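So the chains spell out like this:
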Amino acid sequence: MASLFYKSILCFCLLTGAMFGKKPAPHPLHVSTTDISYNAQDNKLEVICTIFTDDFEAALAKQYHTTTDLTKSDMHAAMDKMVKSYVSANVHIKTTAVPLSFNYIGYEINKEAVNVYFESEKTPTPKKIDAEISLLHNQFNDQLNIVHMTVNGTRKSEKLDYPDKKVMQTF
């Protein structure tokens, strides 16, 4: 569900990594996507945050002052707690001015990125969504967060350049 822009950046990073060895070269942009979609069948907002793995590990290490490795299965339980805490603190969503609580589902590695999954409790179809996204603001002062919101098949997107973190869409 990532935008074409994000996929292009990810492909660039993968290709430069393939040319220079196993580890990808540092990527030129610090970017994440947050996809917020209303599932009318379940009456829930579903959220997927996609973040470059190396950037996310660095932000978690800085925030929690510990070693991080999202790819090691023996560290998954410890990483799960950090991921849940970090994303919960940096992603806030309201519908029609009502803050929603979200259930953390988990995370998975997807090539050079991490997908983090959340879903809300049951909620009526939103007419307005307010989001405050500050992912990796603790790590990079050039962070770009792309936010997609989809309700009843209508998708709206916005780009948040650091230090901006608030976006509102009406449906």
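Here, the structure is the one placed above.
Positions within a chain are numbered from 1, following the residues in the order the chain's sequence is written. Per-residue local features are limited, in this predicted model, to residues with pLDDT of at least 70; the limit for side-chain atom pairs, both in listing and counting, is 80 or more; totals at the level of whole chains, interfaces and linings are taken over all residues. No hydrogens and no water enter the side-chain calculation; it runs on all heavy atoms of the structure.

All right, on to the overall build of the protein then. Note on conventions: DSSP H or I runs of at least 4 residues are helices, E runs of at least 2 residues are strands, and numbering of each starts at the N terminus. Within the protein, the regular secondary structure consists of three helices and ten strands. Going residue by residue from the N terminus, the α and β elements of the protein occur as α-β-β-α-α-β-β-β-β-β-β-β-β. Each residue is assigned to one of three classes by its accessible area relative to the maximum for its type, calculated with a 1.4 Å probe on protein chains only: buried under 20%, partly exposed between the two thresholds, exposed over 50%. Relative to its 171 residues, the protein shows a buried fraction of 44%. Two residues qualify as a contact provided that any one of their heavy atoms is within 4.5 Å of a heavy atom in the partner residue. For the protein, long-range pairs separated by at least 24 residues make up 59% of all intrachain contacts whose partners lie at least 6 apart in sequence. For the accessible areas, the method is Shrake-Rupley and the probe is 1.4 Å, while residue cover comes only from the protein chains on display. Carbon and sulfur atoms form 54% of the exposed surface of the protein, whose accessible area is close to 9,100 Å².

In this structure, Val98 sits in strand E4 (residues 98-99). Separated by 31 residues in the primary sequence, Val98 and Ile129 place their C-alpha atoms 9.4 Å from one another.

With six of its eight residues buried, strand E6 (residues 113-120) lies for the most part within the structure. Examined bridge by bridge, strand E5 (residues 102-110) and E6 share eight bridges and lie antiparallel to one another. When the sheet's bridge partners are listed, Glu108 is paired in E6 with Asn115. Joining the antiparallel neighbours E5 and E6 is a turn of two residues, in which Lys111 adopts a positive phi near 60 degrees. Strands pair, by our definition, only if DSSP identifies at least two bridges between them.

Within strand E8 (residues 144-151), eight of the eight residues are buried, leaving the element largely enclosed by the surrounding structure. Alternating residues of E8 divide into Leu144, Ile146, His148 and Thr150 and Asn145, Val147, Met149 and Val151, and every residue in both groups is buried. Alignment of strand E1 (residues 31-39) against E8, held across seven bridges, turns out to be parallel. By the bridge assignment, Ser32 is partnered in E8 with Asn145. Hairpin remark: E8 followed by strand E9 (residues 154-161), antiparallel, with two residues in the connecting loop; positive phi at Asn152, about 50 degrees.

Moving on to unusual backbone geometry. Here the bond from Tyr162 into Pro163 is cis, since omega is 10 degrees, no more than 30 degrees from zero. Position of Pro163 relative to the elements: it lies in the loop between E9 and strand E10 (166-170).

It is worth spelling out the sheet that holds strand E3 (residues 91-95) at this point. Pairing between the strands of a sheet is mediated by backbone hydrogen bonds and can be parallel or antiparallel. A sheet is described by the order of its strands in space; here four strands give the open sequence E4-E3-E7-E10, paired in antiparallel fashion. With one partner strand each, in any of the chains shown, E4 and E10 form the two edges of the open sheet. Inspection of the sheet shows E3 paired to E4 by two bridges, in the antiparallel sense. Bridge pairing links Thr95 to Val98 in E4. All axes are obtained by fitting lines to C-alpha atoms, using only the stretch in contact for helices, and the reported angles, taken between N-to-C directions, cover 0 to 180 degrees. Running over the sheet, helix H3 (residues 76-90) touches E3 and strand E7 (128-133) and is turned about 50 degrees from E3.

Topologically, Lys128 is positioned in strand E7. For the pair Lys128 and Thr95, spaced 33 residues apart in the sequence, the C-alpha separation amounts to 5.6 Å. Excluding anything up to four places from it in sequence, Lys128 contacts Lys94, Thr95, Thr96, Met168, Gln169 and Thr170.

Looking now at the nonpolar core. Core analysis: the largest hydrophobic core is formed by 35 residues, its most contacted members being Ile36, Phe56, Val83, Val87 and Val116. By residue number, the principal contributor to this core is H3, which donates five residues. Those residues in contact with Val87, other than ones at most four positions away along the chain, are Cys49, Phe56, Val116, Phe118 and Leu135. The definition of a nonpolar core used throughout is a set of buried Ala, Val, Leu, Ile, Met, Phe, Trp, Tyr and Cys residues joined through side-chain atoms within 4.5 Å.

To continue, consider the pattern of salt bridges. Salt bridges are defined as contacts in which a side-chain nitrogen from Lys or Arg sits within 4 Å of a carboxyl oxygen from Asp or Glu. Counted according to the given criterion, the structure contains four salt bridges. Of the charged contacts, one joins Lys128 and Asp130 as a salt bridge, the two residues approaching to 3.7 Å between their closest N and O atoms. Here Lys159 makes a salt bridge to Asp161, at a shortest N to O gap of 3.1 Å.

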